[in-house]
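Observations on the model geometry
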Amino acid sequence: MTDLALTGEERAMLDGGRGPGTAMAMRMVVALAGVLGAERLIPITGAHIDSCLYHGQAGLDFAQRLAGLGAAVAVPTTLNVSSLDLMHPGLVRLPPADAVPARALMDAYRALGARATWTCAPYQLAQRPALGEDIAWAESNAIVFANSVLGARTERYGDFIDICAAITGRVPHAGLHLPEHRVPTLELDCSALPAALLAEEAVWAALGDVVGRRSGTGIPLLTGIDPAVADEDRLKALGATAASSGGVALFHVAGVTPEAAAAAGDPVWSALPAAAVTTGMLRAARDELSTAGPSAPLDAVALGTPHFSVREFGKLAAALEGRPAFHPGCTVWINTSREVLAQAREAGLVQPAEERGARIVVDTCTYITPILGPEERTVMTPSGKWAWYAPMNLGVDVVFGTLSECLDSACAGKVVRDDGQWN
Amino acid sequence: MTDSGTEGGPADFAGRTLCPGGGSGALLVLSEPLSFWGGTDRKTGLIIDAHHPQHGGSLAGRVLVMDASRGSSSSSSVLAEQIRAGVGPAAVLLTARDAIVALGALAAAELYGTHVPVVLLDAGASSRLGRRNGVTATVRAGADGRAGVVLDQAPAAGLPPRSREPA
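This is a predicted model, so every value here is computed, not measured.

Focus on the overall build of chain B
Helix and strand content of chain B: four helices and seven strands. A buried classification covers 52% of the 167 residues belonging to chain B. Sequence-distant contacts in chain B: of pairs separated by 6 or more residues, those separated by 24 or more amount to 77%.

Digging into the domain arrangement of chain A
All names here are of chain A. Under the domain assignment, chain A is made up of domain 1 (8-180), domain 2 (184-287) and domain 3 (290-422). The C-alpha centroid of domain 3 is placed 29 Å from the C-alpha centroid of domain 1. Domain 1 puts 21 residues into the contact, and the matching count from domain 3 is 17 residues. Partitioned by chemical class, the residues of the side of domain 1 that touches domain 3 number twelve nonpolar, seven polar and two charged.

Points about the pairing of strand β6 (residues 186-189) of chain A
Residues and elements named next belong to chain A. Pairing between β6 and strand β7 (residues 220-223): four bridges, direction parallel. Bridging from a neighbouring strand, Asp 189 pairs with Thr 223 of β7. In the classification by handedness, the crossover that spans β6, the intervening helix α7 (residues 201-215) and the parallel β7 is right-handed. One ladder, built from three bridges, connects β6 with strand β9 (residues 274-276); its direction is parallel.

Looking at the nonpolar core
If you look at the biggest cluster of nonpolar residues, it comprises 197 residues, and the most contacted ones within it are Val 29 and Val 301 of chain A together with Leu 93 and Ala 105 of chain B. Ranked by residue count, the leading element in this core is helix α3 (residues 99-112) of chain B, at eleven residues. Sequence-distant contacts of Leu 93 of chain B, that is, excluding residues within four places in its chain, are made with Val 63, Leu 64, Val 65, Val 119, Leu 121, Ser 126, Leu 129 and Val 149 of chain B.

Reading the values: rules and limits
- Residues numbered from 1 in each chain as written.
- Chains lettered and ligands numbered in written order.
- Predicted model: local features only at pLDDT ≥ 70, side-chain atom pairs only at ≥ 80, totals over all residues.
- Helix = DSSP H or I, 4+ residues; strand = E, 2+ residues; numbered from the N terminus.
- Buried ≥ 20, exposed ≤ 12 C-beta atoms within 10 Å, placed from the backbone.
- Contact = placed C-beta atoms within 7 Å.
- Domains from an automatic or database assignment.
- Nonpolar A, V, L, I, M, F, W, Y, C, P; charged D, E, K, R; others polar.
- Pairing = 2+ DSSP bridges.
- Right-handed = clockwise from strand over helix to strand, strands pointing away.
- Core = buried A, V, L, I, M, F, W, Y, C linked by C-beta atoms within 7 Å.

Right, here's the structure in full:
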């Protein structure tokens, strides 16, 4: 059904010469190549697996079948968040009918040789892909970060195919692996946004909401942003939200991201359909990302979606100086990875939040598995992705605001707005 | 191609196989894109996305007609789980090469031997099928890449008597 050319080694994998588990994985990769119309496969240097999050028996059957057939990953492979926090047992309120297979799923992926990183932000780990590397990453925020900020090349991989790519070390030569599919399709002019406004991660998340809605699955080029205000945490917030409100898997920022720098002077990049982004559009995005009104009583604050970085723990510690303990009726949740938590704790950056009552979640995330208590009904967050998904997943009301708005609110026990941060 | 071997197929649509298999059921034409993850219940196959116009409908045993899925790649797992549990669609007809839908069907075929066909149609065929919501359709998707859809009723007045689509 497709004219797919395989190398001798790829043919041996498909025909069972590298074991039945590898053959099963190769059948999936070859089938995907047919779906995408690819003519050949290409090697990858690494993989990030999202299939380790439990969505039912089929996902567990798939991983256990591969492991039972003796498959193992052929490239360095990291694991996305799971449904459980293994470092803080009892935190996740999953019923045993789901918790037991969710744990078995985690064990199956470790048996396949993947690293127990359990994070949605593998780009915050010490080892990460470089410019131009072909990789197979799943998880939408990781995909958009790898493509945009690191300049590595990954399609929008997801369940089943992520692990099959890791086992075979191959993906179809298609989509965002091809340079011609990485060229921007529209320009979003951000020169009207004051640099002071862009000092808050949440403002970048609001920008991401606008970018996602404007771009759909296209590739936006953001222009007019002072490179000095763009850091990885802010680009993370932008990408994660743009991948939620739209299907953005790659964006470019002029003067900031590597492929934009390499394309400087390319006429195609300066002749795109353009639209302007205004401060008013960011305020509108802020309001659209909120389902509860100002001054609502607040039950919780959710930070670290995607997972908090060491630098974000540092920013939080600095922001907490001079602030009192959090209100006893408002729980501050911070999601991060084990690896980042260990580094941040070593640097003394976690303790200021913990001393004020914050609770740390690792291995998983507060919007994908039941962690919040039934009394936690209104939640504030600077994360556009949390604001986008939590009302649907958890049935909570959400208020979207900057980190300092969130901290003011957590101390007061009710929503406190600072409109000065949004002008 | 045409499905000359099928009985009384006045409305006969050809497409391209994304996942081989066969199935039949009543057409369920989605009027908006749907994310299987978050938008459908993995245990029942019901559409639970409150914002979706077909909220409350069931995917179980239906021939789904949609342009493409939307949102999370976790949708592949949810679709495979619905097929495993017997509450998934009988076939899926798309107008885009949607890897998320295809991988869910491919994984279920690999694990359980249940071959739910996924077929790529051109926009014209999809649009004509889109007016036949509820009509029973039989879908055959061959491993050679050729796929066909046969409806069990005569087409409505005003439609061409027989559609011929490039295979």
